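Descriptive analysis of the structure
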Amino acid sequence: MTKVLIVEDNEMNRDMLSRRLQRKGYEIEIAIDGQAGVDAATSGAPDIVLMDMSLPVIDGWEATRQLKANPATQTIPVIALTAHAMAGDRQKALDAGCDDYDTKPVNLASLLEKMEQLLSSR
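As a starting point, this report considers the structure included with it.

Cut-offs and rules
Residues numbered from 1 in each chain as written. Predicted model: local features only at pLDDT ≥ 70, side-chain atom pairs only at ≥ 80, totals over all residues. Heavy atoms only, no water. Pairing = 2+ DSSP bridges. Helix = DSSP H or I, 4+ residues; strand = E, 2+ residues; numbered from the N terminus. Axes fitted to C-alpha atoms, helices over the stretch in contact; angles between N-to-C directions. Contact = heavy atoms within 4.5 Å. Expected span 1.5 Å × (residues − 1). Buried < 20%, exposed > 50% of the residue type's maximum accessible area, 1.4 Å probe, protein only. Arc of directions from axis to C-beta. Polar contact = N/O pair within 3.5 Å; in protein donor to acceptor, adjacent residues only side chain to side chain.

1. Details of the sheet that holds strand β2 (residues 27-31)
The strand order across the open sheet built from five strands is β2-β1-β3-β4-β5, with neighbouring strands paired in parallel fashion. Pairing within the sheet leaves two strands with one partner each, and these edge strands are β2 and β5 (100-103). Neighbour-to-neighbour, the strand axes of the sheet open up by a mean angle of 20°, direction not taken into account. Judged from the five bridges that link them, strand β1 (residues 3-7) and β2 form a sheet pairing that is parallel. Bridge pairing links I6 to I30 in β2. Strand contacts of helix α1 (residues 11-23): β1, β2, β3 (48-52) and β4 (78-82), with the helix running at about 165° to β2, the strand carrying the most contacts. Seen against the sheet, helix α5 (residues 108-120) touches β1, β3, β4 and β5 and runs at an angle of roughly 170° to β5.

2. Some words on α1
Helix length check: α1, at 13 residues, gives a terminal C-alpha distance of 18 Å against a target of 18 Å (1.5 Å per residue), a fit within 8%. Here α1 has its buried residues at R14, L17, S18 and L21. Each buried residue of α1 sits inside an arc of 100° when the element is viewed along its axis, so together they form one side. Along α1, the residues that are exposed and aim more than 90 degrees away from the buried face are M12 and R23. The inward-facing, buried residues of α1 abut β1, β2, β3, β4 and α5. The backbone nitrogen of M12 lies 3.0 Å from a side-chain oxygen of the residue at the head of α1, namely N10.

Next comes the structure, spelled out in structure tokens:
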């Protein structure tokens, strides 16, 4: 079973996304801030990370930079999930090391397509 780490501080977003992905057959792990996300990815070896960018403790950009700098986690694909949909936000996420980018509210079909594409290229 594919293990997805959702790093999201908003309980409603976490709950909605985790339930929808579980119904699609994914195993879900949750972290509620950036540092917890880095720790969970380091200890739990998820297959993919869905990273909110606006997080407490450390933001998603810094959490992603830390994951990509660590040899133990640098190959785990990270998809930025953010309400930031301004020009330049996609590039900012990619520059931080995210492998792809999606906006909130989440379009599940689009997100699943991006996830499968990244997972199949590992």
